[in-house]
Amino acid sequence: MATELNRIRRGGLNCWQLHHRGQTLVIAEQGAQVLEYGRDGEPPILWLSEQAAYEVGQGVRGGVPICWPWFGALERNPDSVQRQYQLHEPPAHGLVRQQPWRLDEEHIDKEQVQLIFQLAEHGDHQHFSPVTPTLTVTLSNTLTLSLSNHNHGNRSVTLSQALHTYLAVADSRQITVHGLAHTPYVDALDDWQTRQDDQPLQLHQETDRLYLQLPSQLHVEDPLWQRQIQLTCRGSHSAVIWNPWIKKSRLLSQFAPDAWQRMLCIETARVLDDVLTLAPGESHEMAVEIRDNGSFQP
């Protein structure tokens, strides 16, 4: 099948749709947010809400939103991040999720497609730091998302960030996340206390954990879909694992009451003690490769 890259509309949003090597990828220009990714004829690899709203100025639930230049609530970030912004009501997860981005470069060959997105010049950048973010999307037989930062200012800048990846699963109660055992995490649902488990992660309730000191690879075992999703990260030693479970799902926008069964967020991040500080002229790249490894092999 020939590679095709087309402009499409989803509701009120302009998007790019890419077909390559039996895979389909959809990226919204708003927020440079990957909305869909999967192999044709198979269950999706990324989860996108059935109630997703495609409206200008409103985030879309699902895919991979970019959280930048802070993650979560600004007041929960280290002081080195907080003091750089004087905002009356700072939005959750930063400033770029609802900003327009542009497709700056595209490189297409038989083996892979690489799309490079930059913040558009006509966006509202008045509160931004002197750091320029760039998202590079590479689709081969895997999907790689790379968030680069370059400090073009004359002072050091500290930021937190995340590629807020919603993975699609057959049933969140049946999956196992390998690679998290013996890894410390901060439990946002238990007064932000530091905890550690000795076994791979299985979900039995609402989960909101900020893991630190992570290995470079995590594996999501999904027995009902008979597959394993492998996440390989670089430029990051922290990740956020999130599933709202039953009660909180009823409070979320663009989220069906039973959608918690079909998704799991594993967010490649730089958070808490893993925040990123860039000296003047310095650059940094954080990336995650998402690979469908097929049947799980313990």
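Computed from a predicted model, the values in this text were never measured in an experiment.

*Asks:* Looking at this structure, how should I read the sheet that holds strand S9 (residues 143-151)?
*Replies:* The pairing of strands in a sheet happens through backbone hydrogen bonds and is either parallel or antiparallel. Spatially, 8 strands are ordered S6-S7-S8-S9-S22-S18-S17-S13 in an open sheet, and the strand pairing comes out antiparallel. This sheet does not close on itself; its edge strands, each paired only once, are strand S6 (101-108) and strand S13 (176-178). On average, each strand axis in the sheet is tilted by 15° relative to the strand beside it, whichever way the strands run. As paired strands, strand S18 (residues 227-234) and strand S22 (residues 283-292) are joined by 6 bridges and run antiparallel to one another. What sits directly across from Thr232, in S22, is Glu289.

*Asks:* What's the story with the pairing of strand S19 (residues 238-243) in this structure? I'm lost.
*Replies:* Two faces make up the sheet, and in a regular strand the side chains alternate between them. The buried count for S19 comes to 6 of 6 residues, which makes it a mostly enclosed element. Because side chains alternate across S19, one face comprises the buried residues Ser238, Val240 and Trp242, and the other comprises Ala239, Ile241 and Asn243, equally buried. Pairing of strand S16 (residues 207-212) with S19, which is carried by 6 bridges, proceeds in the antiparallel orientation. In the strand pairing of S19, Asp208 is matched with Trp242. Pairing analysis gives 5 bridges linking S19 to strand S20 (residues 263-270), with the strands arranged antiparallel. Along S20, the bridge assignment pairs Trp242 with Cys265.

*Asks:* For this particular structure, what's the right way to read the layout of surface pockets?
*Replies:* To find leftover empty space, a probe the size of one water molecule is rolled over the atoms. Taken as a whole, the largest pocket spans an internal volume of roughly 690 Å³. As for the largest pocket, its lining consists of 34 residues, of which Phe71, Gly72, Ala92, His93 and His164 are closest to the centre. Residue composition of the lining of the largest pocket, grouped by class: 16 nonpolar, 12 polar and 6 charged.

*Asks:* Sorry, what's going on with the sheet that holds strand S1 (residues 4-10) here?
*Replies:* Within the open sheet, the 4 strands sit side by side as S1-S2-S3-S4. Their pairing is antiparallel. One side of each edge strand has no neighbouring strand; the edge strands of this open sheet are S1 and strand S4 (33-39). Strand-to-strand twist in this sheet, taken as the mean axis angle between neighbours without regard to direction, amounts to 20°. As paired strands, strand S2 (residues 13-20) and strand S3 (residues 23-28) are joined by 6 bridges and run antiparallel to one another. Bridging across to S3, His20 finds its partner in Gln23.

*Asks:* What is the right way to read the packing of aromatic side chains from this model?
*Replies:* Aromatic ring pairs are reported here in terms of the distance separating the ring centres and the angle at which the planes meet. Across all of its chains, the model carries 6 aromatic pairs by this definition. Centre to centre, the rings of Trp70 and Tyr85 are 5.0 Å apart; their planes meet at 65°, and the pair counts as edge-to-face. Note that Trp70 is positioned in the loop between strand S5 (66-67) and helix H1 (79-82) and Tyr85 in the loop between H1 and S6, a separation of 15 residues in sequence. With relative accessibility at 0%, the residue Trp70 sits in the buried group. With a relative accessible area of 5%, Tyr85 lands in the buried category. Members of the aromatic cluster, joined through ring pairs, are Trp47, Tyr166, Trp242 and Phe255.

*Asks:* Before we go on, may I ask you to explain the pairing of S4 in this structure?
*Replies:* For S4, a buried count of 5 out of 7 residues is recorded, marking the element as mostly surrounded by other parts of the structure. As paired elements, S3 and S4 share 6 bridges and run antiparallel to each other. Bridging across to S4, Val26 finds its partner in Glu36. The hairpin turn running from S3 into S4, its antiparallel successor, is 4 residues long, and Gly31 in that turn takes a positive phi close to 75°.

Cut-offs applied
Residues numbered from 1 in each chain as written. Predicted model: local features only at pLDDT ≥ 70, side-chain atom pairs only at ≥ 80, totals over all residues. Heavy atoms only, no water. Pairing = 2+ DSSP bridges. Helix = DSSP H or I, 4+ residues; strand = E, 2+ residues; numbered from the N terminus. Axes fitted to C-alpha atoms, helices over the stretch in contact; angles between N-to-C directions. Buried < 20%, exposed > 50% of the residue type's maximum accessible area, 1.4 Å probe, protein only. 1 Å grid on protein atoms, 1.4 Å probe; cavity = no way out; pocket = protein on both sides within 12 Å on 5 of 7 lines; lining within 4 Å. Points joined across faces, edges and corners; volume = space filled by probe spheres on them. Nonpolar A, V, L, I, M, F, W, Y, C, P; charged D, E, K, R; others polar. Phe/Tyr/Trp six-rings, centres within 6.5 Å; stacked < 30°, edge-to-face > 60°.

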